[in-house]
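# Observations on chain architecture
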Amino acid sequence: MNGRWRTWLLVGLGVAVVIAAIYFPKLKRRVKTAAKIPQPSEEQARRELTTPTPTNASDPMVKVKMFWASDEDENALSPITVELALSPEPVLRAKQVLNTLLAGPVNSDLRTLPPDAALLAFYLLPDGTGVADFSEALATSTPSGIESEQLAVDSIARTLEANVPQVKRLKILIHGQEVDTLAGHLDLTQMFIVNTKAAQPSGLSVPVPIRPPAAAAAAKSKESRR
Amino acid sequence: MRFPSGLFRLDRSVLAAVGFAAVLLSLPAWAQSPAQTIPAAAAHQSTAPIQTPPYPTVAPPPVQRTSLNIVVLDPAHGGTDPGARGAQGIRESDLVLDLTFQVRRALEAQGFQVLQTRSGNENPSFDDRSAMANAQRGAVFVTLHISSMGLPGTVRVYTLPDMPSRATAGGILNWDFAQASYVTLSRKFGDAVQGQLVQRFKGSPSTVQTASVRQLRTTAAPAIAVELSSVSVQDRGDLNKMMPGVADAIARGLAAFRPSYVLPGEPGAQP
């Protein structure tokens, strides 16, 4: 190799070193930023992969009542009216309202279901029994306790009652399986009466709203002001 | 009709003798079994002869009312199941065990016999816990919990919602719905305890709540769940301070409930 080529090689190496010196801090910053971004959990990844409920642009916008926790009493439910393009078909409609319930309200403190949980399937049997199949996160991430578990199930049942009148009873499955309890307390082997007027009495569990009279009256007046 | 006079006299005397003999023969039978007359209506219904039982008949003894003597306390969770978990490593399974010992002392002071579904860090199944209460006569069941959330310093009592009785034709209770016959009694018991709790813990409900608590469903006795709020407190001491009050309220509530304890099927039982 003659002297001229050697010079060019050294110049090239020098340029590469300069470029690397400029780029390296930027690369370091990017790695640090990426580390700060929370990695999606398995449940979140599953939820992203789950086929989203299709919405038809021609579906009319309807005011629906979603039952999230009350901002006055976190242990009580309060109806919040939101506008959604809802399908008239009951199964699709049930999926749409339950997915909205899972997505939670604007104030995330008022959500009743864990953010990781996903609705995997919803079936409606001819006798009016709705079967809602949720991912494992509903059982593993719902706070353990009679009160919190009752609030979670009650929010599902009351949201269905308000928006999908065809559903008379509700059966909750976790990842396709019947489980003993939601998170150690509330009995999921039983069905929950959703539409108390339509459902026949048959020894089913009735989700009873946990709401002190004062909070109920406040929620009612708030609802009537809307 | 005309009869020859001699023959007529003979017939009358023969008939009188036969009639007298028949009356004499029937007397002993009459005297021995005066109650064996068949009412006219019964005679119309059946032509079969009525037979006396080959054994002496004894009137059934009057049904005795069972008195409430035993309390089965159930510290929830345990073993690999810690239940609700809060800040600073607070575990529901540990706290409810401490609470159980305090409730036990208060109940024993009232003269109740107390059984526990667990005394250490074990985790019996729901059915095993219910079986302990179902094996007793004159018992109530109290399962103790601490919630993940809720207004700190409050206590709620839960019973199952109404469920139709699932007794079989032979009167045998269906295990899966053993609580069905006791829901009314459980609610009365729950109201008595909740009434005591609300006096000590402001913000608690004044009446019992209903929820489909799994543990209660298979329990064939008046059964309640008591849940304190909550493991979300910053200091475990806050929950420890509540325990004597909760124990006293349960003991007093149970004493108040005692006169109402009439088991299904016994005289004075509510439907």
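Worth saying up front: this structure is predicted, and the values here are computed from it rather than measured.

### Section: the overall build of chain A
- For chain A, the count of helices and strands is 6 helices and 6 strands.
- Shown N-terminal to C-terminal, the secondary structure of chain A runs as helices and strands in the order α-α-β-β-α-β-β-α-α-β-β-α.
- Considering chain A as a whole, with its 226 residues, one finds that 37% of them fall into the buried category.
- A separation threshold of at least 6 residues defines the contact pool for chain A, and within that pool the share at least 24 residues apart is 66%.

### Description of the nonpolar core
- One finds Leu 170 of chain A together with Val 140, Val 226 and Ile 250 of chain B to be the most contacted residues of the largest nonpolar core, which totals 99 residues.
- Ranked by the residues each element gives to this core, the list is headed by helix 7 (residues 236–257) of chain B, at 9 residues.
- The contact partners of Val 226 of chain B, leaving out residues within four places of it in the chain, are Val 142, Leu 144, His 145, Val 155, Val 157, Val 193, Val 246 and Ile 250 of chain B.

### What about the sheet that holds strand 3 (residues 119–124) of chain A?
All names here are of chain A.
- What the 4 strands build is an open sheet, ordered 3-4-5-6; its pairing is mixed. In this open sheet, the two strands that pair with only one neighbour each are strand 3 and strand 6 (192–193).
- Note: strand 3 against strand 4 (residues 129–134), 5 bridges, orientation antiparallel. Residue pairing across strands places Ala 121 opposite Asp 133, the latter belonging to strand 4.
- Where helix 3 (residues 90–103) meets the sheet, it contacts strand 3 and strand 4, and its direction lies at approximately 145° from that of strand 3.
- The strands that helix 5 (residues 146–163) touches are strand 4, strand 5 (169–174) and strand 6; relative to strand 5, the one it contacts most, it runs at about 135°.

### With respect to helix 7 of chain B
Residue and element names in this part refer to chain B.
- An ideal rise of 1.5 Å per residue puts 32 Å on 22 residues; helix 7 measures up with 31 Å between its terminal C-alpha atoms.
- Taking the largest bend as the criterion, helix 7 deviates by roughly 30°, centred on Met 243, and proline Pro 244 comes between one and four positions later.
- Along helix 7, the residues that are buried comprise Leu 239, Met 242, Val 246, Ala 247, Ala 249, Ile 250, Ala 251, Gly 253, Leu 254 and Phe 257.
- Where helix 7 is buried, its residues touch strand 1 (70–75), helix 3 (92–109), strand 3 (139–146), strand 4 (155–159), helix 5 (183–200) and strand 6 (223–228).

### Things to note about the pairing of strand 1 of chain B
All names here are of chain B.
- Counted residue by residue, strand 1 has 5 buried out of 6 residues, so it is predominantly covered.
- As paired elements, strand 1 and strand 2 (residues 113–116) share 4 bridges and run parallel to each other. When the bridges of strand 2 are listed, Ile 70 appears paired with Gln 113.
- Tracing the backbone out of strand 1, into helix 3 and back to the parallel element strand 2 gives a crossover that is right-handed.
- Two strands pair when backbone bridges link them, and strand 1 and strand 3 are joined in this way by 6 bridges, in the parallel orientation. Opposite Val 71, over in strand 3, you have Val 140 as the bridge partner.

### Brief notes about the packing of helix 3 of chain A against helix 5 of chain A
Residue and element names in this part refer to chain A.
- At a minimum axis separation of 10 Å, helix 3 and helix 5 run at an interaxial angle of 135°. The orientation of helix 3 with respect to helix 5, classified from their angle, is oblique. In this structure, the crossing between helix 3 and helix 5 has a hand that is right-handed. Mapping the contact onto sequence places Arg 93, Ala 94, Val 97, Leu 98 and Leu 101 in helix 3 and Ser 155, Ile 156, Thr 159, Leu 160 and Asn 163 in helix 5.
- Partitioning the contact of helix 3 with helix 5 into residue classes produces 6 nonpolar, 3 polar and 1 charged.

Basis of the calculations
- Residue indices follow the written sequence of each chain, beginning from 1 at its first position.
- Whichever chain is written first becomes A and whichever ligand is written first becomes 1, with later ones labelled in order.
- Per-residue local features are limited, in this predicted model, to residues with pLDDT of at least 70; the limit for side-chain atom pairs, both in listing and counting, is 80 or more; totals at the level of whole chains, interfaces and linings are taken over all residues.
- Only runs of H or I of at least four residues qualify as helices and only runs of E of at least two qualify as strands under DSSP, and these elements are numbered from the N terminus.
- We call a residue exposed when 12 or fewer other C-beta atoms sit within 10 Å of its C-beta, buried when the count reaches 20 or more, and partly exposed for counts in between; the C-beta positions come from the backbone.
- Contact definition: two residues whose C-beta atoms, as placed from backbone geometry, lie within 7 Å.
- Among buried residues, those of type Ala, Val, Leu, Ile, Met, Phe, Trp, Tyr and Cys that are joined through C-beta atoms within 7 Å form a set called a nonpolar core.
- Two strands are said to pair when DSSP picks up at least two bridges between them.
- Orientation is described by axes fitted as lines to C-alpha atoms, over the contacting stretch for helices, and by angles from 0 to 180 degrees between their N-to-C directions.
- The span one expects for a helix is its residue count, reduced by one, times 1.5 Å.
- Note that the bend at a residue is defined as the angle between axes fitted to the seven residues ending at it and the seven residues starting at it.
- Think of it like this: strands point away, you trace from the first strand over the helix to the second, and a clockwise trace means the crossover is right-handed.
- Put simply, angles under 35 degrees are roughly parallel, angles over 145 are roughly antiparallel, angles from 65 to 115 are roughly perpendicular, and the rest are oblique.
- Left-handed describes a crossing in which the near helix is turned anticlockwise from the far one by less than a right angle; the clockwise case is right-handed.
- Residues are grouped as follows: Ala, Val, Leu, Ile, Met, Phe, Trp, Tyr, Cys and Pro are nonpolar; Asp, Glu, Lys and Arg are charged; every other residue, Gly included, is polar.

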